[in-house]
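# Coordinates in review
Chain residues, written in single-letter form:
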Amino acid sequence: MNRRGGLLLKMGLPLGLVALLGVAFLTGIFSKAPQVQTTTRMMMGTLVTLSLWNLPPEQAERVALHVFAEIARVEDKLSSHRPNTEVSHINQVPRGTWIPVSTELGQLLRRGLAVTQYSNGAFAMSLEPLTALWGFSSDRVVSQPPPATALRDWLQAYPPTNAIELQETEQHTLQIRLQSTSVGLDLGSIGKGYAIDRAIAVLRQDGVTDAVLNAGGDLRILGSKGGEPWRIGIQHPRQHDQVVAVSLLQGDIALATSGDYERFFLYEGKRYHHIMDPTTANPAYAGLISVSVQAAESTLADSLATAIFVLGPEKGLALLAHFPGCEALLITEEGKPIRTPGFVGEWLDKPF
Ligand code: ADP
Ligand code: MG
């Protein structure tokens, strides 16, 4: 199983920084390149890199502390595999019970549920029992699919609609109800995006105007690199040391990628990966191997990339049309790109 293969390139930083990144990761210290300062930490199951343009070292260090503290705070709320998060507490309550939910988590769920609705359930933040069966989000090495009987049992108890119900109480607080034992919160497809958005808000409060925050290929940029756009590589889904497209981005924009190469294993010649199709209880095979989405915010880019991956090109692009201002680059299993007109990026036409 390759859990975190090729992350350095997926991180999409200017190629000259890759070596420095490695150093920062190994030593865990703050490193300084000419004018771009990068700090990398292992968080949310991936490498998170903050790149700052041209700040005095003490300010850069302080900003980095704030950013990583905010990501840690979000992870402490949303993780489903840590015991004491809000999400884990909800997952421990018997099904069918209304449970109070914090405004922050409730609002995030609301945003995700819009994608669930428009994708007819293909995007589902309710798959924790299924992802636990497959084991991709655990630390154990997974090398074969779960027993077919276990998947069938899961499928039988998984509700076709309204797996997660969210409602406002008379006191204007929010509460949540999980419908069956096959339902549990897993925010793996949206939480990283949300953490990035929150951390970008912190950066802004600190007065930072030019930065890239990259969590294993899901990223958001601010401003520019001294007037030049930030150069972001999109990882080749089959050759981990290669990029397949390059986006020159500036301003305020998010980019997220979902692919079948991020967490997977091969079993009897078949690829099993971590993005599930709730209608089959198996990994989604809809003709795509990578989906990148550009949007104003990472929360939306992250959730749409996963949703489009599950839906495939036709339904996926129909879903995207519900979200004005969002653009996508899809890579089919034959290695062909499908892109919406506004997607910022150059396709490099590498062999597959
Ligand atoms: P990554 O975390 O590698 O960037 P994604 O954003 O696509 O990838 O999220 C995949 C994660 O989302 C899975 O590891 C799992 O936790 C969860 N997940 C799996 N299938 C679905 C789905 N159909 N809808 C929503 N979340 C899913
Ligand atoms: Mg996602």
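Small disclaimer: the values here were computed from a predicted structure and weren't measured. (Residues numbered from 1 in each chain as written. Chains lettered and ligands numbered in written order. Predicted model: local features only at pLDDT ≥ 70, side-chain atom pairs only at ≥ 80, totals over all residues. Heavy atoms only, no water.)

Within the chain, the regular secondary structure consists of 10 helices and 19 strands. At 20 Å, the chain has a C-alpha radius of gyration in line with the 20 Å of a compact globule built from 352 residues. With the C-alpha coordinates aligned to their principal axes, the bounding extent of the chain is approximately 55 × 50 × 40 Å. Per-residue burial for the chain yields a buried fraction of 56% across its 352 residues. Partitioning the intrachain contacts of the chain with sequence separation of at least 6 by distance along the chain shows that 61% fall at a separation of at least 24. With the model as given, the accessible surface of the chain reaches about 15,100 Å², and the carbon-plus-sulfur share is 53%. (Helix = DSSP H or I, 4+ residues; strand = E, 2+ residues; numbered from the N terminus. Rg over C-alpha atoms; globule rule 2.2 N^0.38 Å. Buried < 20%, exposed > 50% of the residue type's maximum accessible area, 1.4 Å probe, protein only. Contact = heavy atoms within 4.5 Å. Areas by Shrake-Rupley, 256 points an atom, 1.4 Å probe, with all protein chains shown as cover.)

Turning our eyes to something else, we now look at the sheet that holds strand β19 (residues 346-347). Spatial strand order, β9-β10-β19: 3 strands in an open sheet with antiparallel pairing. Looking at which strands have only one partner, the edges of the open sheet turn out to be β9 (230-235) and β19. As paired strands, strand β10 (residues 243-249) and β19 are joined by 2 bridges and run antiparallel to one another. The partner of A245 across the bridge, within β19, is W347. (Pairing = 2+ DSSP bridges.)

A few words now on the site of ligand 1. Taken together, 19 residues are adjacent to ligand 1, and D186, S258, E262, M276 and T306 come closest. Within the side chain of S189, a nitrogen or oxygen atom sits 2.9 Å from a nitrogen atom of ligand 1. At 2.9 Å, a side-chain N or O of H274 approaches an oxygen atom of ligand 1. For ligand 1, whose unbound accessible area comes to 570 Å², protein coverage reaches 96%. Put simply, the parts of the chain that give the shell around ligand 1 at least two residues each are β11 (251-259) and α9 (298-311). At 3 residues, α9 tops the list of elements feeding residues into the shell around ligand 1. Class assignment for the residues of the shell around ligand 1 results in 7 nonpolar, 7 polar and 5 charged. (Near = heavy atom within 4 Å. Polar contact = N/O pair within 3.5 Å; in protein donor to acceptor, adjacent residues only side chain to side chain. Nonpolar A, V, L, I, M, F, W, Y, C, P; charged D, E, K, R; others polar.)

Moving on to the nonpolar core. One broad rule of soluble globular proteins: the nonpolar side chains tend to lie buried together. With 80 residues, the main nonpolar core has I71 and L203 as its most contacted residues. When residues no more than four places from it in sequence are discounted, the contact partners of L203 are L50, L52, V63, V67, V208, A211 and L222. Counting residues in hydrophobic clusters, the runner-up holds 18 residues, among them W230, I234, V244 and A245. (Core = buried A, V, L, I, M, F, W, Y, C linked by side-chain atoms within 4.5 Å.)

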